[in-house]
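One-letter residues, chain by chain:
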Amino acid sequence: MSNGARSRAAAARILGRLLSGSGSLGSQPSNSDGLDDAALIQEMCYGVCRYYSALQQAVDKRLTKPLRAKDRDLYALLLAGAYQIYCMRIPDHAAVNESVQATRLLKKPWAGGLVNSILRKLVDARPEWQQSLDQGPEEVRFLHPRWLINRLKDDWPEHWQLILNANNQRPPMTLRVNISRISTTDYLQMLEKEGISARPGQLAGSAIYLHSPCLVDKLPGFLDGLVSVQDEASQLVPALLELSPGQRVLDACAAPGGKTAHCLESEPLLTTLTAVDIEGNRARSIEQNLQRLQLRAEVKVADASALEDWWDGSPYQRILLDAPCSATGVIRRHPDIKLLRAEADVARLADLQQVLLNSLWSCLEPGGLMLYTTCSVLRQENQDTIGRFLHQCQDAKHQAIQADWGVECEFGRQLLPDPEGPDGFYFAVLKKSVTAAK
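Model, not experiment: these values are computed from the prediction.

Reading the values: the criteria
Starting from 1, residues in each chain are numbered consecutively following that chain's sequence as written. Only residues with pLDDT of at least 70 get local features here, since the model is predicted, and only at 80 or more are side-chain atom pairs given and counted; chain-wide, interface and lining totals rely on the full set of residues. Only hydrogens and water are removed before side-chain values are computed, so all heavy atoms of the structure are retained for them. Helix and strand labels come from DSSP, where a helix needs a run of H or I of at least four residues and a strand needs a run of E of at least two; each type is numbered from the N terminus. Radius of gyration means the value over C-alpha atoms here, while the globule rule gives 2.2 Å times the residue count to the 0.38 power. Exposure is judged per residue with a 1.4 Å probe applied to protein chains only, and the accessible area is read against the type maximum: over 50% gives exposed, under 20% gives buried, and values in between give partly exposed. Contacts: residue pairs with any heavy atoms within 4.5 Å of one another. The Shrake-Rupley method, run with a 1.4 Å probe sphere, supplies the accessible areas, and residue values consider only the shown protein chains as cover. Between any two strands, at least two bridges found by DSSP are needed for them to pair. Under this scheme, a helix contributes an axis fitted over its contacting stretch, all axes are lines through C-alpha atoms, and angles between N-to-C directions fall in the 0 to 180 degree range. Helix span, expected: 1.5 Å multiplied by one less than the number of residues in the helix. Think of a salt bridge as a Lys or Arg side-chain nitrogen and an Asp or Glu carboxyl oxygen that are within 4 Å of each other. We define the nonpolar core as a collection of buried residues of types Ala, Val, Leu, Ile, Met, Phe, Trp, Tyr and Cys that are connected through side-chain atoms lying within 4.5 Å of one another. Centres within 6.5 Å make a pair out of two Phe, Tyr or Trp rings, where for Trp the six-membered ring is used; the pair is then stacked when the planes are under 30 degrees apart, edge-to-face when over 60, and tilted otherwise. For a Lys NZ or an Arg CZ to count as sitting over a ring, it must be within 6 Å of the ring centre and within 35 degrees of the ring normal. Think of a polar contact as two N or O atoms within 3.5 Å of one another; within protein, one of them needs to be a possible hydrogen donor and the other a possible acceptor, and neighboring residues in sequence only count if both atoms come from side chains.

Draft legend 1. Molecular detail of the overall build of the chain. Helix and strand counts for the chain come out as 17 helices and 13 strands. Against the compact-globule benchmark of 22 Å for 438 residues, the chain has a radius of gyration of 23 Å, which places it among compact chains. A principal-axis box enclosing the C-alpha atoms of the chain has dimensions of 75 × 50 × 40 Å. Burial statistics for the chain: of 438 residues in total, 55% are counted as buried. Considering only contacts in the chain between residues 6 or more positions apart, those separated by 24 or more positions represent 73%. Accessible surface, the chain as shown: approximately 19,400 Å² in total, 48% of it carbon and sulfur.

Shown next, in the form of structure tokens:
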């Protein structure tokens, strides 16, 4: 069996699991079959997710009846074949023939004829594909689920098309320079010597954008902790926290630890930084990042809202709550969100955000600051969540963010995804009254 068939079967298994609601692209091993061609598998998986609405319509139109639930991997194979035909520089005959061979690896040789027929019809329908992208229904033209398009229209009537278009772009690779060890200017010179073209960020002094992505082991000083990969929006966190020597800082929901590390790089003289995450595997990624960067923090595996399981009772002067959210601001990096997220999830996540805000507020010292962030662009998770919390909590005060970036909201500030810049990201600063309201 050819490597091409094996790669397509591997992609079909990954996508089939996603269609069944199991995991995410980030949690799936792209090279699950021990193949060398992980890049091709990743391109097919991410590409199918990015173009899912249009690919789904094209395939469904040519199926005489829906496939059974147990054949989701076969359906995924058809989607991957359609993506190769319409969006990749792969000869049509290779996309068809290798996909047909892959049915045997999926232990469904009976489906070879079906796959051959459907994909050949898709080859012949190439003009129709382009027409659907230009003139089809909005979920096909904008490559997003209908519910999300409607939400964005309501929340961002002047920006919704820009958000959708930005979500469909491939994201830039952004670096965070460890400014405690090297300046951004000096690191740009190191990149230039290695022939890596880059430019400084516009919002955060530690940010660098690569003109073309590269493997991290090609980055000078990466293994020595001089630089990390992190979107520029996240790099605004330390400045908004107003860190200073001697503070006790809490990073709740901290994995994989990029913001934890950046806080330590920005203010090396913190008394304590506690990083909490509910998942053990993700908490280990915090420790691994800290080890590479030669930094120290107190890492705890716990539900941040269950204070009795991890908090020692000593208040923090600064708290970062990077809350679980719909991740609708980072779809360009995680296009599987289009498949995995449903409208009902937003209300559930907003309730969870309230639980975390209410619980962690008691850990904050009077006069201290809490920075609430999400990688969402939905109002319900952002300014509505903060407004609801402020209405309920009498000793919390919204502190406006004075900046020339993003969109100023009633509460907080919103960055929208920028094809040449940062992801979609929301920030709100809350200050705890020194004297609690009676």
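So, next bit.
Draft legend 2. Region of interest: the sheet that holds strand β4 (residues 227-229). One open sheet holds the four strands; their spatial order is β2-β3-β1-β4, and the pairing between them is antiparallel. The outermost strands of the open sheet, each flanked by one partner alone, are β2 (198-200) and β4. Taking each pair of neighbouring strands and ignoring which way they run, the sheet shows an average axis angle of 30°. Where strand β1 (residues 173-177) meets strand β3 (residues 207-210), four bridges bridge the pair, whose relative direction is antiparallel. When the sheet's bridge partners are listed, L175 is paired in β3 with I208.

Draft legend 3. Structural view of the environment of K300. Considering the arrangement of structural elements, one finds K300 in strand β7 (residues 298-301). Looking at K300, the relative accessible area reads 24%, which means it is partly exposed. Separated by 125 residues in sequence, K300 and L175 have C-alpha atoms that sit 26 Å apart.

Draft legend 4. Quick peek at helix α1 (residues 3-19). Spanning 17 residues, α1 covers 24 Å between terminal C-alpha atoms, matching the ideal 24 Å at 1.5 Å per step. By the burial criterion, the buried members of α1 are G4, A5, S7, R8, A9, A10, A11, A12, I14, L15, G16 and L18. Of the surrounding elements, those touching the buried residues of α1 are α2 (38-50), α4 (72-87), α5 (92-105) and α15 (337-340). Downstream of α1 by one or two residues, G21 has phi in the positive range, about 85°.

Draft legend 5. Here's a closer look at the pattern of salt bridges. Per the stated rule, a full pass over the model turns up 23 salt bridges. Here E43 makes a salt bridge to R170, at a shortest N to O gap of 2.8 Å. Highlighted residues: E43 in helix α2 and R170 in the loop between α10 (160-167) and β1, separated in sequence by 127 residues. If you follow the salt bridges from partner to partner, you end up with R68, D71, D73 and K108 in one network.

Draft legend 6. How the structure looks around the nonpolar core. Judged by nonpolar contacts, the single largest core of 50 residues is most densely connected at L152, L371 and F427. For this core, the element with the highest residue contribution is helix α9 (residues 146-155), accounting for four residues. Those residues in contact with L152 that sit more than four places away from it in its chain are P157, W160, I163, L164, V377 and L378. Membership of the second largest hydrophobic core comes to 49 residues, among which are A10, C45, A76 and V123.

Draft legend 7. Region of the structure containing the environment of D154. Considering the arrangement of structural elements, one finds D154 in helix α9. With relative accessibility at 64%, the residue D154 sits in the exposed group. It is 9.6 Å that separates the C-alpha atoms of D154 and L378, two residues lying 224 residues apart in sequence.

Draft legend 8. Main features of the pairing of strand β8 (residues 316-322). Buried residues dominate β8, accounting for seven of its seven residues. Direction of pairing for strand β5 (residues 248-252) relative to β8: parallel, over a ladder of four bridges. The partner of L250 across the bridge, within β8, is I319. Note: β8 against strand β9 (residues 364-374), six bridges, orientation parallel. By the bridge assignment, D322 is partnered in β9 with T373.

Draft legend 9. Quick peek at the packing of aromatic side chains. Tallied over the full model, the rule gives eight aromatic pairs. With centroids separated by 5.3 Å and ring planes inclined at 65°, the aromatic side chains of W405 and F427 adopt a geometry described as edge-to-face. Of this pair, W405 sits in the loop between β10 (396-399) and β11 (407-408) while F427 is found in strand β13 (residues 425-432), placing the two residues 22 residues apart along the sequence. With a relative accessible area of 0%, F427 lands in the buried category. One aromatic cluster in this structure is built from Y51, Y83, Y86 and W129. Here the guanidinium or amino end of R248 rests over the ring plane of Y316, the centre of that ring lying 4.5 Å away.

Draft legend 10. Geometry of the side chain of H144. With respect to the element layout, H144 can be found in the loop between α8 (138-141) and α9. A distance of 2.7 Å separates a polar atom in the side chain of H144 from the backbone oxygen of F142. In terms of polar contacts, H144 uses its side chain to reach the side chain of N167, at 3.1 Å. Beyond its immediate sequence surroundings of up to four residues, H144 is in contact with S53, E139, I149, L164, N167, N168, I331 and K338.

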